[in-house]
Amino acid sequence: MTSRKPNALRGRIVRPTIFEVNQAFDLIDQMVDQLIAGELEYASDNGVDVPVFRTKSGAEPMIPPLEGWIAVWQRFADGFGFELDQTALTTLINKLSSNEILRLSEVASVQLCVMQQRAIYRQLDVYRIRSYAVTEQIAIQLEQAA
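As the structure is a prediction and not an experimental result, all values here were calculated from the model.

Peer 1: What am I meant to see in the overall build of the protein here?
Peer 2: Each helix and strand counted, the protein has seven helices and three strands in total. Each helix (α) and strand (β) of the protein, taken in turn from the N terminus, gives the series α-α-α-β-β-β-α-α-α-α. Each of the three principal axes of the protein carries a C-alpha extent, and together these read 50 × 35 × 30 Å. Classification of the 146 residues of the protein by burial places 35% in the buried group. A sequence separation of at least 24 residues applies to 66% of the contacts in the protein between residues at least 6 apart. Here the protein has roughly 9300 Å² of accessible surface; of this, 54% comes from carbon and sulfur atoms. Between the mean site of the 14 positive side-chain charges and the mean site of the 18 negative ones, the protein shows a separation of 14 Å.

Peer 1: Explanation requested: the nonpolar core in the structure shown.
Peer 2: Side chains of a nonpolar character, in soluble globular proteins, are inclined to be buried together. Phe-25, Met-31, Trp-73, Phe-76, Phe-82, Leu-89 and Val-110 are the most contacted members of the largest nonpolar core, which totals 32 residues. With nine residues, helix 4 (residues 63-80) is the largest single contributor of residues to this core. Setting aside chain neighbours within four positions, we find Phe-25 in contact with Trp-69, Trp-73, Val-114, Gln-117, Arg-118 and Tyr-121.

Peer 1: Would you explain the pairing of strand 1 (residues 41-45) in this entry?
Peer 2: Of the pairings in the sheet, the one linking strand 1 to strand 2 (residues 48-55) comprises five bridges and is antiparallel in character. Across the sheet, the residue bridging to Ser-44 is Asp-49, located in strand 2. What sits between strand 1 and strand 2 in their antiparallel hairpin is a turn of two residues, with Asn-46 showing a positive phi close to 55 degrees.

Peer 1: Sorry, what's going on with the pairing of strand 2 here?
Peer 2: Each regular strand carries side chains that alternate between the two faces of the sheet. Where strand 2 lies against strand 3 (residues 58-61), four bridges are found, and the strand directions are antiparallel. Residue pairing in the sheet places Thr-55 in a bridge with Gly-58 of strand 3.

Rules of the game
The residue count restarts for each chain, going from 1 along the sequence in the order it is written. Note on the predicted model: pLDDT of at least 70 is required for a residue's local features to be given, and 80 or more for side-chain atom pairs to be given and counted; whole-chain, interface and lining totals, by contrast, use all residues. No hydrogens and no water enter the side-chain calculation; it runs on all heavy atoms of the structure. Every helix listed is a DSSP run of H or I at least four residues long, and every strand listed is a run of E at least two residues long, numbered separately from the N terminus. Partly exposed describes any residue whose relative accessible area lies between the buried limit of under 20% and the exposed limit of over 50%, with all areas from a 1.4 Å probe on protein chains only and scaled to the type maximum. Throughout, a contact is declared for two residues whenever any of their heavy atoms are within 4.5 Å. Each accessible area value is a Shrake-Rupley result obtained with a 1.4 Å probe; residue values ignore everything except the protein chains displayed when judging cover. His is not counted here, nor are the chain ends, while Lys and Arg score as positive and Asp and Glu score as negative. Every charge is mapped to an atom, namely NZ of Lys, CZ of Arg, CG of Asp or CD of Glu. Nine residue types can take part in a nonpolar core, namely buried Ala, Val, Leu, Ile, Met, Phe, Trp, Tyr and Cys, and a core is a set of them joined through side-chain atoms within 4.5 Å. Pairs of strands are assigned from DSSP output, requiring at least two bridges between the strands.

Laid out in structure tokens, this is it:
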């Protein structure tokens, strides 16, 4: 087993492997697949039906991780200096939160946004990705603790 040296020591950008890309996009890809199929899964959360992801540990509410996904991508955009329109994902959250029907064009916009994110992700430095992702996780935990 080999370990990667930090890019500062190598002097070059270390791109994510296809496995790392697939792992990072696992839940969002699952959500897009459900949207395309028109079959979102719902579960009851304190008497309210909410859309869920299927994870190894069971059903998990979809909206909080999706909000975190948007936040970390905004952190990536700010940190790496690129622009990314995530309006489709924000619209998705709003529609899921209010149990509104999604139009096919909105599903297509979500799919396009995720495809753009995947293309961008494959070009980023894995060490900076991890740093920004950890920073966002800490920010979310601090927000929840407040």
